[in-house]
Amino acid sequence: MMETENILDLRRWWLERMMTGQAPLLEKMTLFWHGHFATSVQKVKDAYWMWLQNDTLRRNALGNFATLVRKMSRDPAMMIYLDLHQSRKEHPNENWARELMELFTVGIGNYTEEDVRASARAFTGYRIDYTNQQFRIAPKQQDLGPKTFMGHTWPLNGDNIIDILFQRPACAEFIGRKLWRFFVEDEPSQEIVDDIAGRVRAHNFEMRPLLREIFSSAEFYSERVIQTQIKSPVQYVVQASKLLETALPPPTVTQNAMRQMGQVLFAPMNVKGWDGGKAWITTSTLLFRYNFANYLINGDTMLRHGAPARIENPDPGFRQSVVQRQQLANQIKRDPIDISKFVPNELRDRPRDLVDLLSRRFFQSRPSEREGNTFVQFLESRNPDTSDETMRELVHLMMSTPQFQLA
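All residue numbers refer to positions counted from 1 along the written sequence of the respective chain. In keeping with the model being predicted, local features are shown solely for residues with a pLDDT of at least 70 and side-chain atom pairs are shown and tallied solely at 80 or more, while totals for entire chains, interfaces and linings include all residues. Based on all heavy atoms of the structure, the side-chain values leave hydrogens and waters out of the count.

Asks: What's the story with empty space enclosed by the protein in this structure? I'm lost.
Replies: To find leftover empty space, one rolls a probe the size of a water molecule over the atoms. Only protein atoms enter the 1 Å grid used here, on which a cavity is any set of points holding a 1.4 Å probe that cannot leave and a pocket is any open set flanked by protein within 12 Å on both sides along at least five of seven lines; residues with an atom within 4 Å of a point are listed as lining. Grid points are joined across faces, edges and corners, and a volume is the space filled by probe spheres set on the points. Enumeration according to the criterion identifies one cavity of 30 Å³ or more in this entry. There is about 80 Å³ of room inside the largest cavity. Contributing to the lining of the largest cavity are Leu8, Arg11, Arg12, Leu15, Pro251, Thr254, Gln255, Met258, Gln263, Val264 and Leu265. Going along the chain from the N terminus, every DSSP run of H or I of four or more residues is numbered as a helix, and every run of E of two or more is numbered as a strand. Secondary-structure elements contributing two or more residues to the lining of the largest cavity are α1 (3-20) and α14 (251-261). Put simply, Ala, Val, Leu, Ile, Met, Phe, Trp, Tyr, Cys and Pro go in the nonpolar bin, Asp, Glu, Lys and Arg in the charged bin, and everything else, Gly too, in the polar bin. When grouped by side-chain class, the residues that make up the lining of the largest cavity number six nonpolar, three polar and two charged.

Asks: Teacher, can you tell me more about helix α11 (residues 190-202) here?
Replies: Because an α-helix packs 3.6 residues into every turn, residues spaced three or four apart end up facing the same way. In this scheme, a helix's expected span is set at 1.5 Å multiplied by one less than its residue total. Taking 1.5 Å as the rise per residue, α11 with 13 residues should run 18 Å; its terminal C-alpha atoms sit 18 Å apart, in good agreement. Contacts: residue pairs with any heavy atoms within 4.5 Å of one another. Looking at the buried side of α11, the elements it contacts are α10 (169-183) and α12 (207-216).

Asks: Would you take a moment to explain the environment of Leu15 for this structure?
Replies: Following the sequence through the fold, Leu15 ends up in helix α1. Only protein chains enter the area calculation, which uses a 1.4 Å probe; residues under 20% of their type maximum are buried, those over 50% are exposed, and those in between are partly exposed. A relative accessible area of 3% places Leu15 in the buried class. With 28 residues separating them along the chain, Leu15 and Lys43 place their C-alpha atoms 22 Å apart. Once residues within four sequence positions are removed from consideration, Leu15 is found in contact with Val234, Val238, Leu248, Thr254 and Leu265.

Asks: Help me out: how do you make sense of the layout of surface pockets in this one?
Replies: In this structure, the largest pocket spans a volume of roughly 1600 Å³. Taken together, 50 residues make up the lining of the largest pocket; nearest its centre are Lys28, Arg181, Phe182, Phe183 and Gln229. Among the secondary structure elements, those contributing two or more residues to the lining of the largest pocket are α2 (24-36), α7 (95-105), α10 and α13 (233-243). Among the residues forming the lining of the largest pocket, the class breakdown is 24 nonpolar, 14 polar and 12 charged.

Asks: When you look at the packing of aromatic side chains in this model, what are you seeing that I'm missing?
Replies: Aromatic rings considered in pairs are described by the distance between their centres and by the relative angle of their planes. When the centres of two rings from Phe, Tyr and Trp lie within 6.5 Å, Trp using its six-membered ring, the rings pair. Their planes under 30 degrees apart give stacked, over 60 give edge-to-face, and anything left gives tilted. Tallying each qualifying case throughout the model produces 26 aromatic pairs. A ring pair is formed by Phe182 and Phe183, whose centres lie 5.0 Å apart and whose planes are at 85°; its orientation type is edge-to-face. Classification of Phe182 by relative accessible area gives partly exposed; the value is 25%. With a centroid separation of 6.2 Å and 55° between ring planes, the pair formed by Phe362 and Phe404 is classed as tilted. With a gap of 42 residues between them, Phe362 in helix α18 (residues 351-362) and Phe404 in the segment after α20 (388-399) connect regions that are remote in the sequence. One exposure class covers both Phe362 and Phe404, and it is buried. Our definition puts a charge over a ring when NZ of Lys or CZ of Arg is within 6 Å of the ring centre and also within 35 degrees of the ring normal. Directly above the ring of Phe404 sits Lys231, whose terminal nitrogen or CZ lies 3.7 Å from the centroid. We note Arg334 situated over the ring of Tyr295; from NZ or CZ to the ring centre the distance is 5.7 Å.

Asks: Where do I start with the nonpolar core in this structure?
Replies: A general tendency of soluble globular proteins is for nonpolar side chains to be buried together. Working definition of a nonpolar core: buried Ala, Val, Leu, Ile, Met, Phe, Trp, Tyr and Cys residues. They are joined through side-chain atoms within 4.5 Å. Formed by 119 residues in total, the largest nonpolar core has its most connected members in Met29, Trp33, Phe37, Phe65, Phe362 and Met399. The element that contributes the greatest number of residues to this core is α10, accounting for seven residues. Those residues in contact with Met399 that lie beyond four places of it in its chain are Tyr236, Ala240, Leu244, Tyr290, Ala293, Ile297, Phe362, Phe404 and Gln405.

Asks: Teacher, can you tell me more about the pattern of salt bridges here?
Replies: In a structure, side chains of opposite charge can pair up when their charged atoms sit close to one another. Think of a salt bridge as a Lys or Arg side-chain nitrogen and an Asp or Glu carboxyl oxygen that are within 4 Å of each other. In total, this model carries 20 salt bridges according to the counting rule given. Its salt-bridge partner being Arg121, residue Asp143 comes within 2.7 Å of it at the nearest N-O pair. Taken together, the residues Asp143 in the loop between β2 (134-137) and β3 (147-149) and Arg121 in helix α8 (residues 113-122) connect sequence positions 22 residues apart. In this structure, a network of salt bridges that share partners links the residues Arg17, Glu27 and Arg58.

All we've got here are geometric facts, nothing functional implied.
Printed below as a string of structure tokens:
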């Protein structure tokens, strides 16, 4: 099997796990860490290494952050992605050393270039044993000499560097802010950041009790933050499929959709991961969301009426012949959803009641009176047609609103 097929299968496996798994918070935290410790298969070029990292993130997702950072310093995919496996005493590589501070622990402005160089020296000699897929140390490649890092002078090694970073106040602030942005709101106040940082330190960077406090806080449920976050493409695809009680599209289609919306699993845009927030929505990505919702609801009915089939292909030299387009159309093939699963027959001729029912299903909060009336008027304009097709059009109309894009 080609590597591209392996990674396609891996993406599908994870999305299915998000869809059907019994621990949705665990999967969401795994996704958080995937964006935090951004690593791309485009450089790693091995689906197994990417799966192994994903497994490490999941096993430690609700555990101790410092422990997870240590594990990431020994993770084969991360070592390859940031060239740590090539760092040696004579030529320390600074990629991991810099990103460890800038992106993973304390953030920009909380370290110096001297700290980067000292950290790079401390992490020399980290290697991958390809015979057993495990981390190892190459003693002859280690720099065991004294180093000065953030005021500490000693023959520091990699774990010592991580321990020092976790003593810095900026570390709790950095991860606290990022968690709050991921779960609650894009721009937290400094007061909130200070409060969450205090909780991070009080729990010694343990994620489980920290998240429990976040999810139990009054601020988490305040009207100020409810339905203010734009769903990420991953959240959009998984949630839409679950709400429609339908299976995920075929892997090639799903991967193409994720690419069009700006978030491909195991292939973040760069080492910073995904920006998230308002960056998820542009004119083109919003239009694609509306069209993709139509595909999830109505299947390939448009193709049956002669619309051309196109799926983005990673090979820039690829040209779609008639035969190839038919092959792609077969990959897209999908039946309309069974609307009767959540649209009861007894409500189909009661527009207001039906809209109320579906609004509770598809929106986090009740739509405005104006928006609700738009849905009711749509049904009234179709009266007395209460067919499955009309019901699917109503659902598509509801999913093609700004409100559905928010969490």
